[in-house]
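# Examination of the molecular architecture
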Amino acid sequence: MTSAASADTPVAAPASPPRTRRILGRVALVLAPWLFILLLWYAVRASGLISPALVPAPHAVLAKFIELSKGRLPADIWMSTQRVFLGVSLGVLLAVPVGFCLGWYRGLRGFIDPVINFFRALPPIALIPLVIVYFGIGEAAKTVILFYASFFAGVIVMYEGIAQISPIFIKVARTLGASDVEIFGKVIVPLTIPHILTAVRVALGVAWATLVASELIAAQQGLGALIQDASAFFQLDTIYVGIICIGFIALAMDLALRAATRRLVAWQDRLA
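Residues numbered from 1 in each chain as written. Predicted model: local features only at pLDDT ≥ 70, side-chain atom pairs only at ≥ 80, totals over all residues. Heavy atoms only, no water.

Looking now at the overall build of the protein. In terms of regular secondary structure, the protein is built from eleven helices and zero strands. When the elements of the protein are put in sequence order from the N terminus, they spell out α-α-α-α-α-α-α-α-α-α-α. For the protein, the C-alpha radius of gyration of 26 Å lies well beyond 19 Å, the compact-globule estimate for 272 residues. Overall size of the protein, expressed as C-alpha extent along the three principal axes, is 85 × 60 × 35 Å. The burial tally for the protein puts 34% of its 272 residues in the buried class. Contacts in the protein between residues far apart in sequence, at least 24 positions, make up 75% of those at least 6 positions apart. For the protein, the accessible area works out to roughly 16,900 Å², and carbon and sulfur atoms hold 71% of it. (Helix = DSSP H or I, 4+ residues; strand = E, 2+ residues; numbered from the N terminus. Rg over C-alpha atoms; globule rule 2.2 N^0.38 Å. Buried < 20%, exposed > 50% of the residue type's maximum accessible area, 1.4 Å probe, protein only. Contact = heavy atoms within 4.5 Å. Areas by Shrake-Rupley, 256 points an atom, 1.4 Å probe, with all protein chains shown as cover.)

What follows covers unusual backbone geometry. The phi dihedral of Phe234 falls on the positive side, at around 55 degrees, and the residue is not glycine. On the basis of relative accessible area, Phe234 is assigned to the exposed category, the value being 53%.

Another point: the packing of aromatic side chains. Inspection of the entire model under this criterion finds seven aromatic pairs. A centroid spacing of 5.4 Å and a plane angle of 25 degrees characterise the contact between Trp41 and Tyr240, whose relative ring orientation is stacked. Remark: Tyr240 occurs in helix H11 (residues 236-264) and Trp41 occurs in helix H2 (residues 19-47); sequence separation between them is 199 residues. Look at Phe147 and Phe151: their rings are 5.9 Å apart centre to centre, the planes differ by 20 degrees, and that puts the pair in the stacked class. Of the two residues, Phe147 and Phe151 are both situated in helix H7 (residues 139-163); the distance of four residues between them amounts to about one turn of the helix. (Phe/Tyr/Trp six-rings, centres within 6.5 Å; stacked < 30°, edge-to-face > 60°.)

Here we take up H7. Between the first and last C-alpha of H7 there are 36 Å, a value that for 25 residues agrees with the 36 Å anticipated at 1.5 Å per step. For H7, the tally of buried residues reaches 19 of 25 residues, placing the bulk of the element in the interior. (Expected span 1.5 Å × (residues − 1).)

The subject of this paragraph is the side chain of Thr192. Relative to the helices and strands, Thr192 is located in helix H9 (residues 180-214). Given the relative accessible area of 6%, Thr192 is considered buried. Look past the residues within four positions of Thr192 in its chain and what remains in contact with it is Phe100, Met158 and Ile162.

Core analysis: the biggest nonpolar cluster contains 39 residues, and Leu73, Val84, Val88, Trp208 and Leu223 have the highest contact counts within it. Mapped by element, the contributors of at least two residues to this core are helix H3 (58-69), helix H4 (73-104), H7, helix H8 (168-175), H9, helix H10 (223-232) and H11. The greatest single-element share of this core, amounting to eleven residues, is contributed by H9. In contact with Val88, not counting residues within four places along its chain, are Ser150, Ala203, Leu204 and Ala207. In terms of nonpolar packing, the next biggest core, distinct from the first, is built from 15 residues, Ile116, Val131, Tyr148 and Ile156 among them. (Core = buried A, V, L, I, M, F, W, Y, C linked by side-chain atoms within 4.5 Å.)

Let us now look at the pattern of salt bridges. A complete count under the given rule lists six salt bridges for this structure. Here Asp76 and Arg72 are joined by a salt bridge, their closest N and O atoms 2.6 Å apart. By relative accessible area, which is 1% here, Asp76 ends up buried. Residue Arg83 pairs with Glu139 through a salt bridge whose shortest N-O separation is 2.8 Å. With Arg83 in helix H4 and Glu139 in helix H7, this residue pair connects regions lying 56 residues apart in the sequence. For Arg83, a relative accessible area of 4% translates into the label buried. Each of Arg72, Asp76 and Asp229 takes part in a single network of salt bridges with overlapping partners. (Salt bridge = Lys/Arg side-chain N within 4 Å of Asp/Glu carboxyl O.)

Purely spatial values, then, with no claim about function.
Structure, rendered in structure tokens:
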């Protein structure tokens, strides 16, 4: 009797790893590539392949970061972030409707696509002389450069995404008796949101990559200006600080957008 009862007793599933261990595992996974880069940095400097005078040590860059944080760095970060935010906002606001029209109307796309790709291929830095002529050397010129980079990056992502929306969704909605307004509001708009968010992410990355070029236009503040001022006096540690700040601010913004994407398109099937 006892053996039969014990045979019927369900076997307990193995306990899941403690929450603390999972959190520590995730932290280690995130920190591992940065630790590898740090070790590689020290290794390159110690190897002698490059003169140590040309590769400041990570701890020296950290010391310079702390020093600049007590001076101009916060203002530079704020100014550059403002410029990127304004340029990306204006660029995406125009890129979304333009990209939607190009993706939705095949005839329009075939007509204007060569022009879009022509201007997209032009590096923003090549336009600086013309921008100075037409917009001067103030904030408007810097915003125009960032707008230009953001707009064309956003347009490409938008119209490629819209063009790939399956027409089956629209056909099903029409079969169920939906009007054009209902199709647009309940089918097209939800399917468009992921592409809008992707366009913002791509435009943001391109804008940060273009920031230094935009701040070539007589900028007194900004991370690009910090890098340029440091390059004039061969202050490599300051250049590293500016570059690393740009990278981490862009990374933080991208992570925020990815988190927003996961919440806004939770209905969408994703591999990751």
